[in-house]
Amino acid sequence: MIRLYGERRANLVRIFAARLRSVAEAEDLVQDLFLKVQALGELEVEGDGSALLFRMANNLMLDRLRSQARAGARDENWRGLQTTTLGDQPVADAPSAEDVVAGRQRLDVMMATLETLPTQVAKAFTLHKLDGLSHAETAVAMGVSRSAIEKHVSAALKALMAKLP
Amino acid sequence: MTRSQTDIEVAIDWLVLLQGDTVTEDDWRAFDAWLTASPAHALAYDQAQAFDQRLDLDARLVERAPSVTATASTNVIALRPTRRVWLWSAGSAIAAAFVAGAVLLPGSGLLGGRETRYVTGVGERRTIALEDGTRIELNAASRLTVRFERNARHVRMDDAQAFFDVAKDSRRPFLIEAGDTQVRVVGTRFDVRHRDGQVAVAVQRGLVEVRPASAAPVRLRPGQGLSHVEGQDDARVATVPVDEVTGWRQGRLIYRDRPLSEIVGDLNRLFPRPVKLADARAADMRLSGVLIVDEQDAMVGRLSHLLPVRTTTTNDAIVIRAR
């Protein structure tokens, strides 16, 4: 199991970073997974053990998504309230003025690009990415299947990645 | 259509699938096989993922940016959480004074400032609450001195690593001296590491001005970090994963491509039994990964799983050599 873990480690980080939306979080999760794997010792497992590895990893991720939902809300509230200054220069906490301007410019390009796409594609992407609905929630909102949503989001991302730096 | 564009498109399909609510074991196997098939695939996937995270960040950035009407009310509410931190700090100030071995020295400062010295031993970690509401989390085997004056708050870091949560006071800037480098802030959260002649600063929140001797001052924003070798003329500013740099606060040492010699240095600040490197080949090995801080034997054991090394334990030392 430990060897399998070693071989799969980098790919596991990629998988979990997609869902957790953070490479650092995924690294952390994969380290927790290592401790679990190590605790198993040289346990005899069916096949090559990758099924077990995946299930263990998946459970850890679900735990983390639950606590992320709680911590996220708390952190967001806190951040919203913090402002600071250096000398006489006011600093809107995390995002600097330039960050906001650059972000807005990218968003403008994003919006312009979305307008050139089929309406369903643009709508699915907006609901998922900007309004933060999950694929399943977006599917319900638009009355289409989840796989249709995934195709739309994919198509929008491809178009955007071609347009944005 | 070029080859790499195709890879990117496939990578985006995978990314979206993996972000879905139900990922199956078959998906995982197929993705794993695709990644393994070509290094270009992993590269394309990492690019797609970075791009996607950038979009998420943009979306949130614009949401959070204060609008003109929101600013006034934000400032009013801002007092609340700050005050809560103050109250909380007051209790731990008393505790910290006992446990961190605080030594009060007679007012030696020219302006009559009072100097307090804080020391942590090997394996000891302490939170210090200062009278202005600032909190300092001191990592193991660290020494620093705090001196408050009417116009400024001073901290001198000897060999130390600390995370600062500085209370806002625009009339008294917070100045940190770490070797030949000066850090200046008003109110913010950041990490400073001054070890083995190197200074590293990583900012979590707010704005921090860093001035290494003989280099131009640099203003760091959240997510940015500066590293500097004492005595040299330059400093390197880069985007740093601040949560990783400050992992020690949660008992996690997180490394990205760091030499084993540095990791052994960190271990020796955590446990009294010394860890030694037997050869230069082992010292130069690079590690990326997370080490959870628990028992020394267990941590060294995990190192030998992550790197091609062998460890020998005796009563008074642990020796690591290349395998």
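Now for a quick tour of the structure. Quantities reported herein were computed from a predicted structural model and do not represent experimental measurements.

The next point concerns the sheet that holds strand β15 (residues 236-239) of chain B. All names here are of chain B. Judged by pairing direction, the sheet is antiparallel, and its seven strands sit side by side in the order β3-β4-β7-β10-β11-β14-β15 without closing on themselves. Two strands lie at the open edges of the sheet, namely β3 (126-129) and β15, each paired on one side alone. The sheet shows a mean angle of 20 degrees between the axes of neighbouring strands, direction not considered. Where strand β11 (residues 198-205) and strand β14 (residues 224-229) come together, five bridges link them in antiparallel fashion. Its bridge partner being in β14, Gln-198 is matched across the sheet by Val-229.

Residue and element names in this part refer to chain B. In space, the three strands of this open sheet follow the order β17-β20-β19, with mixed pairing throughout. Lying at the two open borders of the sheet, with one neighbouring strand each, are β17 (275-277) and β19 (309-313). Going across the sheet, the axis of each strand differs from the next one's by a mean of 25 degrees, ignoring polarity. As judged from the three bridges shared by β17 and strand β20 (residues 318-322), these two strands associate in the parallel manner. The residue of β20 that forms the bridge with Leu-277 is Ile-320. Lying over the sheet, helix α9 (residues 296-306) contacts β17, β19 and β20, oriented at roughly 155 degrees with respect to β19.

Quick look at the pairing of strand β7 (residues 160-165) of chain B now. Residues and elements named next belong to chain B. Burial analysis of β7 places six of its six residues in the buried class, the great majority of the element. One ladder, built from four bridges, connects strand β4 (residues 135-138) with β7; its direction is antiparallel. Paired with Glu-137 across the two strands is Phe-163, which belongs to β7.

All names here are of chain A. Its 19 residues give helix α1 (residues 2-20) an end-to-end C-alpha distance of only 24 Å, which falls more than 12% under 27 Å, the value for a rise of 1.5 Å per residue. Along α1, the helix axis deviates most sharply at Arg-8, where the bend reaches about 60 degrees. Of all the residues in α1, the buried ones are Tyr-5, Arg-8, Leu-12, Val-13, Arg-14, Ile-15, Phe-16, Ala-17, Ala-18, Arg-19 and Leu-20. Looking at the residues trailing α1, positive phi occurs at Arg-21, about 60 degrees.

Calculation criteria
- Residues numbered from 1 in each chain as written.
- Chains lettered and ligands numbered in written order.
- Predicted model: local features only at pLDDT ≥ 70, side-chain atom pairs only at ≥ 80, totals over all residues.
- Pairing = 2+ DSSP bridges.
- Helix = DSSP H or I, 4+ residues; strand = E, 2+ residues; numbered from the N terminus.
- Axes fitted to C-alpha atoms, helices over the stretch in contact; angles between N-to-C directions.
- Contact = placed C-beta atoms within 7 Å.
- Buried ≥ 20, exposed ≤ 12 C-beta atoms within 10 Å, placed from the backbone.
- Expected span 1.5 Å × (residues − 1).
- Bend = angle between axes of the 7 residues up to and from the residue.

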